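Architecture and fold: a report
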Amino acid sequence: MPNLRGFFHQAEMSTKSINYEFKKRLNSTLGGEAHSYCYQCGACVGDCPAAMYSEDFNPREILLQALLGNEEALTGKDSPIWNCTNCYTCYERCPQAVRPVEVIIALKNICYQKATAASEVNQIVESVRTTGRTVKITSLSDRRRKELDLDEIKAVPMGELENLFEP
Ligand code: SF4
Ligand code: SF4
């Protein structure tokens, strides 16, 4: 016969270990709001390229930690979320419309707010802010484009970009 007292004690303990404050923050961050619908089926893992190549990354596990509100594991300095390539395969596969990739993007945004994002990310953000591009366009790129009979790359309308960055 199952020990119900033990069961309820365990359930109470696991509820106590959920960080509801962090879940609330994730819920109010764009893309994070559907994380609670995850029922841990694992469909998002099958074709995930990041899970295929990295032992540290698994979208189902990321969602489990999100369900528990495990702030440190998800948004600490060594968070595995940066392995996600934003390919959106999991978005297509999830039967619960959790949109795992968007939960991960929400977590990345929280990392950025907390200044725990990887330094490479800060470099890319700075490059977009100052040049409008994620990578630098060099004279070599222009030359190669000319050889391939491609149009010149247009200048980024920095004024419009600055308006977007306005708080
Ligand atoms: S978006 Fe990220 S988590 Fe989703 S399948 Fe692609 S790499 Fe995996
Ligand atoms: S995010 Fe969706 S596909 Fe992935 S484990 Fe949760 S319910 Fe399943």
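The paragraphs below set out a description of the structure included in this document. Bear in mind that the values here come from a model prediction, so they are computed numbers and not experimental data.

Conventions adopted
Residues numbered from 1 in each chain as written. Chains lettered and ligands numbered in written order. Predicted model: local features only at pLDDT ≥ 70, side-chain atom pairs only at ≥ 80, totals over all residues. Near = placed C-beta within 6 Å. Helix = DSSP H or I, 4+ residues; strand = E, 2+ residues; numbered from the N terminus. Nonpolar A, V, L, I, M, F, W, Y, C, P; charged D, E, K, R; others polar. Buried ≥ 20, exposed ≤ 12 C-beta atoms within 10 Å, placed from the backbone. Core = buried A, V, L, I, M, F, W, Y, C linked by C-beta atoms within 7 Å. Contact = placed C-beta atoms within 7 Å.

This part takes up the site of ligand 1. Around ligand 1, the surrounding shell holds 14 residues, and the nearest of these are Cys-48, Cys-84, Cys-87, Cys-90 and Val-101. Mapped by element, the contributors of at least two residues to the shell around ligand 1 are α3 (49–53), α6 (89–93) and α7 (100–114). Broken down by element, the residue count for the shell around ligand 1 peaks at three residues, all from α7. When grouped by side-chain class, the residues that make up the shell around ligand 1 number eleven nonpolar, three polar and no charged.

Our next topic: the site of ligand 2. Surrounding ligand 2, one finds 15 residues, the nearest of these being Cys-38, Cys-41, Ala-43, Cys-44 and Cys-94. Considering every element that reaches the shell around ligand 2, the biggest residue donor is helix α4 (residues 59–68), with three residues. Looking at the shell around ligand 2 residue by residue, the class counts come to ten nonpolar, three polar and two charged.

The subject of this paragraph is unusual backbone geometry. One non-glycine residue, Gln-40, adopts positive backbone phi at about 60°. Here Gln-40 lies in the loop between α2 (20–27) and α3. Even without glycine at this site, Ala-97 takes up a positive phi of about 55°. Mapped onto the elements, Ala-97 comes out in the loop between α6 and α7. Its 8 C-beta neighbours within 10 Å are what place Ala-97 among the exposed residues.

What follows is about the nonpolar core. Judged by nonpolar contacts, the single largest core of 24 residues is most densely connected at Val-103, Ile-104 and Leu-107. Looking at this core, the elements with two or more residues in it are α3, α4 and α7. No other element matches the seven residues that α7 contributes to this core. Not counting the four nearest positions on each side in its chain, Ile-104 is found in contact with Ile-62, Ile-81 and Cys-84.

Structural measurements only, silent on function.
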